[in-house]
Amino acid sequence: MDQIDLLQGLNEQQIAAITAPPTATLVIAGPGSGKTAVLTRRVAYLVGQLGVPPYQIMAVTFTNKAAREMQERIQRLLGQQINGLTIGTFHAICARILRREAAHVGISPSFTIYDTEDQLSLVRMALAELGLDEERSAPRRFLSAISNAKNELITPEAYPRGNFNDRQVAQVYERYQALLSAAKALDFDDLLLYCVALFRDHAAIRRDYQARYAHILVDEFQDTNTAQYELVRLLAGAQGNPFCVGDPDQSIYRFRGADYRNLARFRSDYPHAKLILLEQNYRSHQIILDAAMAIIDKNPDRVRKRLYSTRRDGAKIVLKQLSDDDDEAQYVVWTIREAVQQRRYAYRDCAVMFRTNAQSRVLEETFVRAGVPYKLIGGAPFYSRREIKDLLAYLRAIQNPSDDVSLRRIINTPPRGIGKTTLAKLEEWALARNQSLSDALGALRSGQPSPFSGKALGALESLAAMLDVWRNLRDSMPIGVLLGDVLDQTDYLKYINDGTPEGRERLENVQELLRVAEAQGDKPLALYLEEIALLSDVDTQDDSGDHVVLLTLHAAKGLEFPVVFIVGLEEGLLPHAQSLEDEEQLAEERRLMYVGLTRAKDQLYLTWTLRRVGYGGGLGERTLASRFLEDIPPELTVGSPVPKRSASAAFTARSSDDRALPPRPAWRLPTTSQPAAPRPELPPRSANISTSSLYRSGQRVYHDRLGPGVIIASRFVDGDEELDIRFEKHGLKRLFASIAPLRMLDDE
């Protein structure tokens, strides 16, 4: 491909980035600005136009899926197979390097990569060995502290011991790391930590890799942590050519250690770096972009971008205030189904986004009742399901005899007569012999004197014999055949298939794993297990099918949809309650809102409620509309007016401006596929607030969704009548008369 074809259809800023001279370059890429096209064409430009050998290029992405797509696009651009190009995630690339250079950092080249569940198992073991109560110690808290330390390149020896809590974490961290080492395993953070140590401590190796990778490209640079930034800096060297693409306004993973300030560090470490802004948006129309910019511009100390789109006209943003989270869910489902029935959109064109996982419950229940297909992103990923983890534990125990975590998982799965007492005795015996559990099993099989006899001894020896056979076959037997033999010898299929629908689903999952394993051909088992360990939820996501997508705002990063709903826009949810007293966290919440808005291509709905029952059940708590809603210029929106953030003004009833929503949805959702009949319009409210009650205590009413009920109490809140109603099937609810779809039964 010649240069003209390579740059065809690109804008001036994109061309400047792709053809930048080989020097340190920082590309600030706004949402929807075509950064993927820039990265792929940059690699194609280096190879096709500048003649750079592919083996001198490293391209780092944040998901394996993105790496595969980039590789395919580069090959299409160049019209040929590209060999030698290093492309993958930080963790995948580091795993490859460490297997080659393991001896220099004191680890086994056949190390196992532990996932979160495995890590928690080790933390619990460390707590038990240190005499710390698991219930009071919260293993996840310790694991989080350890992970944060590793992301900051802090080893157990260097961990601060300033107070009692720090000293406890340091103890657990030290023991946890020792257990990892004994199991010949690394966790995800170790992949980065050991790689940084390799290049820091071995100058000759560092120079070799710097010479090989003359061009390093990094995507999503704003999401790098300290370890990842240091890795790029060490590999690039002072005179290197790092080409980094990111957007500090989209940095939303601080809880994982991501630090958007790495972009500022880059400009400090490379003061002569070329800075390029990608500001033309190819996704959203201008109204959505203007709203997003109005929100993010409130954040201080940022590189200002002016996002623009050739799509100048588009639907205004719909703001909707609902009475509670049930009504909010009804409104979302009704609006989506109406759009589909009118053939304006398909279900797959619509996404519903929220700040916390807990918000999905009422949405899911409403989608089910309405018969609207949906898919929750972030549900149990395929490789996290119990039956899949069981079988992978078998394969890992076969591959790595030192992997006691995997052996513990399978030692009595399926049940083979090795109970907790026998396992505890085996662990004690192995510890006394300074052996792994696997070595202790081998000693039993070889006839060493032991504290076991009878059925327990027979069960342990039988398992040891099976593992020995499989380990002898692992290098010569295809993975699919090996897994099939594990299933046969253990009767695992009989164990999981109990004849229930859940059992059949487990069986189908195992059959799918077997199909995947059989497709690996002669791939080494160690490589297959590494690939699985490095998969993220995004990599296993199935995008096929016609269904509405439900997902958190954090999971929405990098995605786009024609129609987007962001629900729960209330103080305490977005921004989250934990951020309200921390300026850095509050700035990240604003970035999260910005990311959510810029996922929408055509239509954006923003909703909030007067009460959110999910906060504590019962009547629910009053809420305040999110401060971010106030930042959106009113001329960009239609629908409910945004209440001011005060305890009284937040609960004012909707004004006649709400009539701007055509047509007004009926929140009644029949379970058939027929459209719901529209509810009659409420007359516009008078400018003079009425305080005469329409309802009385003891009056029977009917709610379109909640059914019959009796009014317990009535009061006025800022001109709107607030009712306490006890419903026959749904208990006590507090509703606003102007919003609730009520009719009086006594007067009919």
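Residues numbered from 1 in each chain as written. Predicted model: local features only at pLDDT ≥ 70, side-chain atom pairs only at ≥ 80, totals over all residues. Heavy atoms only, no water.

### Here we look at the pattern of salt bridges
Here is step 1: All chains considered together, the criterion is met by 42 salt bridges.
Here is step 2: As a salt-bridge pair, Asp249 and Arg302 come within 2.7 Å of each other at their nearest N and O atoms. Note that Asp249 is positioned in the loop between strand 7 (242-246) and helix 13 (262-269) and Arg302 in the loop between helix 14 (286-296) and strand 9 (317-322), a separation of 53 residues in sequence.
Here is step 3: Of the residues examined, Arg302 reaches a relative accessible area of 18% and is grouped as buried.
Here is step 4: Close ionic contact of Asp498 with Arg506 constitutes a salt bridge, the shortest N to O distance being 3.4 Å.
Here is step 5: Taken together, the salt bridges that share partners define one network made up of Asp247, Asp249, Asp297, Arg302, Arg304, Lys305 and Arg306. (Salt bridge = Lys/Arg side-chain N within 4 Å of Asp/Glu carboxyl O. Helix = DSSP H or I, 4+ residues; strand = E, 2+ residues; numbered from the N terminus. Buried < 20%, exposed > 50% of the residue type's maximum accessible area, 1.4 Å probe, protein only.)

### Some points on the pairing of strand 12 (residues 548-552)
Here is step 1: Buried residues dominate strand 12, accounting for five of its five residues.
Here is step 2: Because side chains alternate across strand 12, one face comprises the buried residues Val548, Leu550 and Thr552, and the other comprises Val549 and Leu551, equally buried.
Here is step 3: Taken together, the four bridges between strand 10 (residues 350-354) and strand 12 define a ladder with parallel strand orientation. In the sheet register, Phe354 faces strand 12, and the bridge partner there is Thr552.
Here is step 4: Here strand 11 (residues 374-376) pairs with strand 12 via three bridges, running parallel. Residue pairing across strands places Leu376 opposite Leu550, the latter belonging to strand 12. (Pairing = 2+ DSSP bridges.)

### Remarks on the packing of helix 5 (residues 90-105) against helix 10 (residues 188-201)
Here is step 1: Running from amino to carboxyl end, helix 5 crosses helix 10 at an angle of 55°, the nearest separation of the two axes being 9 Å. Classified by the interaxial angle, the pair formed by helix 5 and helix 10 is oblique. Crossing of helix 5 over helix 10 shows left-handed handedness. On helix 10, the residues that touch Phe90, His91, Cys94, Ala95, Ile97, Leu98, Glu101, His104 and Val105 of helix 5 are Phe188, Asp190, Leu191, Leu192, Tyr194, Cys195, Leu198 and Phe199.
Here is step 2: In the contact of helix 5 with helix 10, the residues fall into 13 nonpolar, two polar and two charged. (Axes fitted to C-alpha atoms, helices over the stretch in contact; angles between N-to-C directions. Parallel < 35°, antiparallel > 145°, perpendicular 65-115°, else oblique. Left-handed = near helix turned anticlockwise from the far one by under 90°. Contact = heavy atoms within 4.5 Å. Nonpolar A, V, L, I, M, F, W, Y, C, P; charged D, E, K, R; others polar.)

### Regarding the packing of aromatic side chains
Here is step 1: The final tally for this structure, using the stated rule, is 13 aromatic pairs.
Here is step 2: For the ring pair Phe221 and Tyr229, a centre distance of 6.0 Å and an interplane angle of 55° mean the geometry is tilted. Both residues of the pair, Phe221 and Tyr229, count as buried.
Here is step 3: Arranged with centres 4.4 Å apart and planes meeting at 10°, the rings of Phe565 and Tyr605 form a pair that is stacked. With Phe565 in strand 13 (residues 561-566) and Tyr605 in strand 14 (residues 600-609), this pair connects stretches of sequence that are 40 residues apart. With respect to class, Phe565 is no different from Tyr605; both count as buried.
Here is step 4: Grouping aromatic residues by their ring pairs yields a cluster made of Phe221, Tyr229, Phe266 and Tyr270.
Here is step 5: Just above the ring of Phe111 sits the side chain of Arg99; from NZ or CZ to the centre is 3.9 Å. (Phe/Tyr/Trp six-rings, centres within 6.5 Å; stacked < 30°, edge-to-face > 60°. Lys NZ or Arg CZ within 6 Å of the ring centre and 35° of its normal.)

### Comments concerning the confidence of the model for the protein chain
Here is step 1: In this model, the protein chain carries a mean pLDDT of 85, and residues with pLDDT of at least 70 account for 89%.
Here is step 2: Confidence drops under a pLDDT of 50 for residues 614-618, and excluding neighbours within four residues, the segment shows nine contacts in the predicted structure.
Here is step 3: Here residues 670-691 scores under 50 on pLDDT; set against residues more than four positions off or in separate chains, the count is 38 contacts. (pLDDT = per-residue confidence, 0-100.)

### With respect to the nonpolar core
Here is step 1: The biggest cluster of nonpolar side chains holds 69 residues, and the ones touching the most others in it are Leu191 and Phe199.
Here is step 2: Here this core gets nine residues from one element, more than from any other, and that element is helix 5.
Here is step 3: Structurally, this core is a two-domain feature, drawing no fewer than three residues from each of domain 1 (12-103 + 191-282) and domain 2 (112-183).
Here is step 4: Those residues in contact with Leu191 that lie beyond four places of it in its chain are His91, Cys94, Ala95, Leu98, Phe111, Ile113, Leu186 and Leu534. (Core = buried A, V, L, I, M, F, W, Y, C linked by side-chain atoms within 4.5 Å. Domains from an automatic or database assignment.)

### Focus: the sheet that holds strand 14
Here is step 1: Overall, parallel pairing links the seven strands, which are arranged 11-12-10-13-14-9-17 in an open sheet. The two strands at the open ends of the sheet, each matched to only one other strand, are strand 11 and strand 17 (637-639). Taking each pair of neighbouring strands and ignoring which way they run, the sheet shows an average axis angle of 25°.
Here is step 2: Sheet topology note: the strand 9/strand 17 ladder contains three bridges and is parallel. Each residue of the ladder has a partner; that of Ile317, found in strand 17, is Thr637.
Here is step 3: Helix 15 (residues 325-341) contacts strand 9, strand 10, strand 12, strand 13 and strand 14 of the sheet and is inclined by roughly 155° relative to strand 14.
Here is step 4: Across the sheet, helix 16 (residues 360-370) is in contact with strand 10, strand 11 and strand 12; its angle to strand 11 comes to roughly 155°.

### Remarks on unusual backbone geometry
Here is step 1: In this structure, the amide linkage connecting Thr413 to the following residue, Pro414, adopts the cis form with an omega of -5°.
Here is step 2: Positionally, Pro414 belongs in the loop between helix 18 (404-410) and helix 19 (420-432).
Here is step 3: For the bond from Leu574 to Pro575, the omega torsion is 5°, close enough to zero to count as cis.
Here is step 4: Structurally, Pro575 can be placed in the loop between strand 13 and helix 26 (583-597).
Here is step 5: The phi angle at Lys184 is positive, at roughly 50°, despite the residue not being glycine.
Here is step 6: Tracing the backbone through its elements, the reader meets Lys184 in the loop between helix 9 (164-182) and strand 5 (185-187).

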